[in-house]
Amino acid sequence: MSDMTVDEFYDIRPYEGKDFTDALGRLLENRDLISAFRKQVFPNIPKFMGQPFDRLCHIYLKSYLGKVQTPNELHKKILVKLIDFVIKSTMTGYSETGSENLTGDKNYLYISNHRDIAMDPVIIVYKLLKKGFPCFQVAFGDNLLGNQTVSDAIRVNKAFIVKRDVAPMEQMKTSMQLSRYIRETIQNKDSIWIAQREGRAKDGDDKTNPAIIKMFALCNRQTGLTFSQFINSLNITPVAVSYEFDPCDRLKAREAVRRAEKAARDESYVKRSSEDKISIVLGIKGKKGRVHVSYGQPLCRESWKNAREVAEAIDQFVLTNYKLWPCNYLSYDMVNETDKYSSHYTAKYKKDFLKRFRRLPENVRKVALQMYAKPVENAEKYAY
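Small disclaimer: the values here were computed from a predicted structure and weren't measured.

Colleague: Hey, could you run me through the environment of arginine 155 in this one?
Modeller: Inspection of the secondary structure puts arginine 155 in helix H7 (residues 148–155). Classification of arginine 155 as buried rests on a relative accessible area of 10%. Distance in space between the C-alpha atoms of arginine 155 and tyrosine 15 is 5.3 Å, their sequence separation being 140 residues. Excluding its chain neighbours within four sequence positions, the residues that come into contact with arginine 155 are Tyr10, Asp11, Ile12, Arg13, Pro14, Tyr15 and Ile161. There is a polar contact of 3.0 Å between the side chain of arginine 155 and the backbone oxygen of tyrosine 10.

Below, the structure written as structure tokens:
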């Protein structure tokens with residue numbers, strides 16, 4: 001087994017050592033973050049008391065976290081508490097299946113569907129942390145690194161960087177670096193979470209991009225393994241995350257309509273700089289209803305034909321283990337003008353759910369319903 005060198009992965013790996021403590025120190029001195037923490041903990045204090053309470057929060061945070069030296073220490077102190085808070089404040093239920101098939105003494109490459117920028121890996125790791133598993137590393141696109149504070153917050157939390165905005169001549173080099181990093185990390189250090197494709201599934205269609213699998217295998221020639229042996233060595237573990245309600249559903253629907261309108265005029269859609277930030281905040285704080293996580297078993301076959309076959313195996317698990325909620329069945333019936341699944345929801349549920357879209361134009365509302373209907377369509381494909 002080869003050693004991971006600092007120089008080779010320095011620009012993409014999570015912060016360690018002095019980089020970690022320096023970044024955590026910067027975060028603990030960030031006034032905006034301290035104020036955000038105070039508003040969560042003391043949401044009802046008068047405005048004129050904001051600064052005194054900010055100072056108290058600053059003192060508390062420095063006392064509580066100031067001596068933390070590693071990401072794992074940081075997670076033990078805050079991550080479970082934070083996830084507990086998010087679950088209690090934004091979900092009406094949380095459930096999971098399959099975690100009993102995983103063990104804490106093995107590293108896994110978790111590949112999941114991708115609905116929410118920040119919450120997907122957080123929700124997936126929640127049950128594992130409760131069982132005593134170490135926190136896994138998370139793949140994070142460099143397009144989301146808006147400033148030093150965001151970069152610090154991400155990289156102290158065991159996130160590694162996926163470079164997306166690179167020149168064509170540099171793409172192979174950066175992809176090879178990422179391939180080697182994932183291989184080395186799985187073999188020698190941590191589990192990893194990565195989405196099944198670049199960007200969220202804004203249309204509800206949770207499909208794996210085979211290019212992700214091809215990227216994993218770029219460094220295969222350096223290992224002396226066959227393609228099948230290499231894929232099996234990564235312990236690729238599919239995971240399905242199912243939100244009853246997507247806090248960003250209306251944003252996604254509006255964006256889809258705007259993209260279609262731009263395309264009809266042969267124009268490109270340019271994302272506003274604030275869109276990802278709004279989606280991150282809304283995804284964390286927004287109401288999600290019930291949430292279910294299904295963990296699969298590591299993929300292992302004597303012979304894999306190619307990357308597409310691996311992607312299809314991930315899809316089969318994700319699309320058949322996605323938890324279908326009443327809103328999915330309801331949306332399917334509305335989109336297809338049928339009552340096929342009417343036994344899965346009530347008239348009251350339908351009325352309450354459709355209130356989410358009452359202010360949307362009809363064309364945007366239709367796209368939102370199609371997004372909720374898609375998991376039912378995908379599940380039907382595997383049912384027959």
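Okay, back to it.
Colleague: Got a minute to help me understand the sheet that holds strand E6 (residues 236–243) in this structure?
Modeller: Adjacent strands of a sheet form backbone hydrogen bonds with each other and so pair up, either parallel or antiparallel. Spatial ordering of the open sheet is given by E1-E7-E6-E2-E5-E3-E4, a layout of seven strands whose pairing is mixed. At either end of the open sheet lies a strand with only one pairing partner, and these are strand E1 (91–97) and strand E4 (159–162). Strand after strand, the sheet turns through a mean of 25 degrees between neighbouring axes, direction not considered. Sheet analysis places strand E3 (residues 137–141) next to strand E5 (residues 192–195), joined by two bridges and oriented parallel. Residue pairing for E5: valine 138 is matched across the bridge by tryptophan 193. Packed on one face of the sheet, helix H13 (residues 307–321) meets strand E2 (109–112), E6 and strand E7 (289–295) and runs near 35 degrees to E6.

Colleague: Would you mind going over the nonpolar core with me for this structure?
Modeller: Soluble globular proteins: nonpolar side chains tend toward being buried together. One finds Leu109, Ile182, Ile213, Phe216 and Ile236 to be the most contacted residues of the largest nonpolar core, which totals 34 residues. The dominant element in this core, judged by the number of residues it contributes, is H13, at seven residues. Once residues lying within four places of it in the same chain are set aside, the contact partners of isoleucine 182 are Leu109, Phe160, Ile192, Ile194, Met215 and Phe216. Judged by nonpolar contacts, the second largest core, of 27 residues, contains Met91, Leu102, Tyr108 and Tyr110.

Colleague: In this structure, what is going on with the packing of aromatic side chains? I would like to understand it.
Modeller: Two numbers describe a pair of aromatic rings. These are the distance of the centres and the angle of the planes. Applying the stated criterion to the full structure yields 14 aromatic pairs. Ring centres 5.6 Å apart and planes at 10 degrees place the aromatic pair tyrosine 60 and tyrosine 64 in the stacked group. With a gap of four residues between them, tyrosine 60 and tyrosine 64 both fall in helix H4 (residues 50–65), about one helical turn apart. Residue tyrosine 60 is classed as partly exposed on the basis of its relative accessible area of 44%. Where tyrosine 94 meets tyrosine 126, the ring centres are 5.3 Å apart and the plane angle is 85 degrees; that geometry is what we call edge-to-face. Of the two residues, tyrosine 94 sits in strand E1 while tyrosine 126 sits in helix H6 (residues 119–130), which places them 32 residues apart along the sequence. The exposure class of tyrosine 126 is buried, given its relative accessible area of 11%. A connected cluster of aromatic rings, assembled from ring pairs, spans Phe245, Phe353, Phe357 and Tyr372. When the ring centre of tyrosine 64 is taken as reference, the NZ or CZ atom of lysine 77 above it lies at 4.4 Å.

The rules behind these values
- Once a new chain begins, its residue numbering starts again from 1 and follows that chain's sequence as written.
- In keeping with the predicted nature of the model, local features appear solely for residues at pLDDT of at least 70, side-chain atom pairs appear and are counted solely at 80 or more, and the whole-chain, interface and lining totals rest on all residues.
- Note that water and hydrogens are dropped before the side-chain values are worked out from all heavy atoms of the structure.
- Helix and strand definitions follow DSSP, with helices as H or I runs of at least four residues and strands as E runs of at least two, each counted in order from the N terminus.
- Here's how the labels work: a residue is buried when its accessible area is under 20% of the maximum for its type, exposed when over 50%, partly exposed in between, all with a 1.4 Å probe on protein chains only.
- In this description, contact between two residues means that some pair of their heavy atoms is separated by no more than 4.5 Å.
- Polar contacts here mean pairs of N or O atoms no more than 3.5 Å apart (in protein, one a potential hydrogen donor and the other a potential acceptor; neighbouring residues in sequence count only if both atoms are side-chain atoms).
- What makes two strands pair is DSSP finding at least two bridges between them.
- Lines fitted to C-alpha atoms define the axes, with helix axes restricted to the stretch in contact, and inter-axis angles between N-to-C directions lie between 0 and 180 degrees.
- Among the buried residues, those of types Ala, Val, Leu, Ile, Met, Phe, Trp, Tyr and Cys that are joined through side-chain atoms within 4.5 Å form a nonpolar core.
- By convention, a stacked pair of Phe, Tyr or Trp rings (six-membered ring in the case of Trp) has centres within 6.5 Å and planes under 30 degrees apart, an edge-to-face pair has planes over 60 apart, and any other such pair is tilted.
- When the NZ atom of lysine or the CZ atom of arginine is within 6 Å of a ring's centre and also within 35 degrees of its normal, the charge is said to sit over that ring.

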